[in-house]
Amino acid sequence: MGTFCSVIKFENLQELKRLCHWGPVIALGVIAICSTMAMIDSVLWYWPLHTTGGSVNFIMLINWTVMILYNYFNAMFVGPGFVPLGWKPENSQDSMYLQYCKVCQAYKAPRSHHCRKCNRCVMKMDHHCPWINNCCGYQNHASFTLFLLLAPLGCIHAAFIFVMTMYTQLYNRLSFGWNTVKIDMSAARRDPLPVLPFGLAAFAATLFALGLALGTTIAVGMLFFTQAKDRIQYYQLDEVFVFPYDMGSQWKNFKQVFTWSGVPEGDGLEWPIREGCHPYSLTIEQLKQKADKRVRSVRYKVIEDYSGACCPLNKGIKTFFTSPCTEEPRIRLQKGEFILATRGLRYWLYGDKILDDSFVEGVSRIRGWFPRNCVEKCPCDAETDQAPDGEKKNR
C-alpha cells in the first residue's frame, strides 16, 4: 500500500489533464475503435476462439493493444524531462557557449530547447507532439519511437482482420447481374451461424474501422520513418560540420536511447561527444544560426486589422484554406503596428510584434502567425535581398 501511495502523488494526478486535449482524444479513440472492432470481427465472424488459430490471433490482438497503449502512456506521462529551473553549467566559463532562457531563469543545456507549449526548457528536445500533448525528448524518446513502430504494425493486423471478415461474410451474399451487384445481408456463410448476424451495421462499422486502420498505418508509419532516419542537421558553412553527438555508428547511437532498463543513458544535461569535437560545437553553430536569422528578418507595417482568428473568412479564400496546420498561435494585429517576420508561407507570415515600437534586443514581444495581405514591407527593407521563407526577393 505504501508503494502504491508513493507512486500516485498529486503531481502524477495533475498529469492526467494532458488527456483533455484533442490530440489524445483522437489518438485513443482510433486505438479503441480499431482494437475493439478487430476483436469483435475476429471472434464473431472470422476466426472463432474455439480454434487454435483463432485463440492465437485473439492473443496477438490483445498484445498489440497493450504494447501500443503502454508506450503511448509512457511517452505522454513520463515526459521528455526538463532542464532544472535555475540550471547553470558547473564550469562558469562554459556559460559563454550557452543560451540563457529568461522564462526558466536558466541556461539551456546542450541539445535542449524551450517549448512554448510546456513553458519549460526540454532536455534533448525533438518536437512537441500534439498527439501525446507533450514533448518528445530525452526520457520518452524510446517510448515514443516504439509507439510509432507498434501502431502501424497493429493496424496492419487489424486491417487484415477487417478485410477477411468482410470477404468471408459477403462471399456468398454477392449476386452479379447485368450492370448491377447486389448484396443479400440476410445470408450467412459460416456454419454454425454466429451469435450475432453480420448485418448492415456491422458491415458499416467494419468498413469505417478499416479506413481508420489504413489511414493510421500510412500516417504514423511515415512519422516513424521520419523519426528513425538520420536526423542530423547540416549547416551551410564553408567548412565541413561534424555533428558532435554522432558516435560514428548507428548501433552506438541506438544504444544511447534504447536500453534494457528502459532508462536512456546519461542525465540529459551532459552528453558524450565524438572524438575530436568540441563539447559545445553544436550550440555555437546554433547561436550563429540565430544571429543570422535576426539579420535575415524583414520588418513589416500592419495596413489592415486582423482579429487573430485561425482561419479568417474576411482575408480571402486562399488565406482561409492555407492557414498553417500548427498549434503555434496567431497574433492580433492593429493598423499601424510593426512586425518583424522571420519566416513565412505563400499567404501567411510568422514573426514578432514589438510592443514598444523598438527593435532593441531583449524587449517584450508577441510572436505568432498572421496573414500576409494584412501587412506591407517597410520602405527601409524593400530593397533588401533577404526575405522570409516562401517570399520572393524584391530587386
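Just above sits the structure.
What you are looking at is a predicted structure, and each value in this text was computed from that prediction instead of being measured.

**Student:** So, the pairing of strand S11 (residues 348-354): which residues are in play, and what are the values?
**Tutor:** In terms of residue burial, S11 counts as a mostly covered element, since seven of its seven residues are buried. Between strand S10 (residues 338-344) and the antiparallel strand that follows it, S11, lie three residues.

**Student:** A description of helix H4 (residues 52-78) should follow, citing residues and the corresponding values.
**Tutor:** For H4, with 27 residues, the first-to-last C-alpha span of 38 Å sits near the 39 Å given by 1.5 Å per residue. Where H4 is buried, its residues touch helix H3 (22-46), strand S6 (134-136) and helix H5 (141-170). Immediately downstream of H4, the backbone of Gly79 shows phi near 80°, a positive value.

**Student:** Got a sec to walk through empty space enclosed by the protein? Specific residues and values, please.
**Tutor:** Following the criterion strictly, the structure yields one cavity of 30 Å³ or more and no others. One number sums up the size of the largest cavity: a volume of about 40 Å³. Along its surface, the largest cavity is lined by Lys124, Tyr138, Gln256, Val257, Pro264 and Trp271. Its residues assigned to classes, the lining of the largest cavity comprises four nonpolar, one polar and one charged.

**Student:** Just give me the short version of the layout of surface pockets, but keep the residues and values in it.
**Tutor:** When its volume is computed, the second largest pocket comes out at roughly 720 Å³. Around the second largest pocket sit 33 residues that line it, and Trp131, Phe147, Leu148, Val220 and Leu223 are the ones nearest its centre. Here the element with the most residues in the lining of the second largest pocket is helix H6 (residues 200-228); it accounts for nine residues.

**Student:** Can you break down the packing of H3 against H5 residue by residue, with the values?
**Tutor:** The contact between H3 and H5 brings their axes to 9 Å, and the two run at 35°. Here the hand of the crossing between H3 and H5 comes out left-handed. Residues Ile31, Cys34, Met37, Ala38, Asp41, Ser42, Trp45 and Tyr46 of H3 lie in contact with H5, whose contacting residues are Phe147, Ala158, Phe160, Ile161, Phe162, Met164, Thr165, Thr168 and Gln169. Among the residues forming the contact of H3 with H5, the class breakdown is 12 nonpolar, four polar and one charged.

**Student:** Please provide a residue-by-residue account of the nonpolar core, values included.
**Tutor:** Counting 19 residues, the largest nonpolar core has Phe162, Met166, Phe198 and Ala213 as the members making the most contacts within it. Going through the elements one at a time, H3, H5 and H6 are the ones with two or more residues in this core. The contacts of Met166, once residues within four sequence positions are left out, are Phe198, Phe203, Thr206, Leu207 and Leu210. Met76, Cys136, Ala151 and Phe224 belong to the second-largest nonpolar core, a separate cluster that totals 17 residues.

**Student:** I'd like to hear about the packing of H4 against H5, residue by residue, with values.
**Tutor:** In a packed pair of helices, the relevant descriptors are the angle between the two axes and the axis-to-axis distance. Packing of H4 against H5 brings their axes to within 9 Å, and their N-to-C directions diverge by 150°. Comparing their axes, H5 and H4 come out roughly antiparallel. Pair H4 / H5 crosses with left-handed handedness. The residues of H5 that touch H4, namely those facing Asn57, Met60, Leu61, Trp64, Met67, Ile68, Asn71, Tyr72, Asn74 and Ala75, are Ser143, Phe144, Leu146, Phe147, Leu150, Ala151, Leu153, Gly154, His157 and Ile161.

Procedures and definitions
Note that residues are indexed from 1 along each chain, following the sequence as it is written. It should be noted that, the model being predicted, local features are given only for residues of pLDDT at least 70 and side-chain atom pairs only at 80 or more, the latter also being counted only at that level, while totals for whole chains, interfaces and linings use all residues. Side-chain figures throughout are based on the complete set of non-hydrogen atoms in the structure, without hydrogens or water. Categorising residues by exposure relies on relative accessible area from a 1.4 Å probe, with only protein chains included: less than 20% of the type maximum marks a residue as buried, more than 50% marks it as exposed, and the intermediate range marks it as partly exposed. Secondary structure is summarised from DSSP: a helix means a run of H or I of at least four residues, a strand means a run of E of at least two, and numbering begins at the N terminus for each. A strand pair is defined by DSSP finding two or more bridges across the two strands. Here the expected length of a helix is defined as 1.5 Å per residue gap, with one fewer gap than residues. Contacts are residue-level and defined by heavy atoms, with any inter-residue pair within 4.5 Å sufficient. The rule is simple: put a 1 Å grid over the protein atoms alone, call a set of points where a 1.4 Å probe fits but cannot get out a cavity, call an open set with protein on both sides within 12 Å along at least five of seven lines a pocket, and count a residue as lining if it has an atom within 4 Å of a point. Grid points are joined across faces, edges and corners, and a volume is the space filled by probe spheres set on the points. Polar here means any residue outside two lists: the nonpolar Ala, Val, Leu, Ile, Met, Phe, Trp, Tyr, Cys and Pro, and the charged Asp, Glu, Lys and Arg; Gly therefore counts as polar. Every angle, taken between N-to-C directions, lies between 0 and 180 degrees, and every axis is a line fitted to C-alpha atoms, over only the stretch in contact when it is a helix. A clockwise turn of the near helix away from the far one marks a right-handed crossing, whereas an anticlockwise turn of less than a right angle marks a left-handed crossing. We define the nonpolar core as a collection of buried residues of types Ala, Val, Leu, Ile, Met, Phe, Trp, Tyr and Cys that are connected through side-chain atoms lying within 4.5 Å of one another. Roughly parallel here means an angle under 35 degrees, roughly antiparallel means over 145, roughly perpendicular means 65 to 115, and every remaining angle is called oblique.

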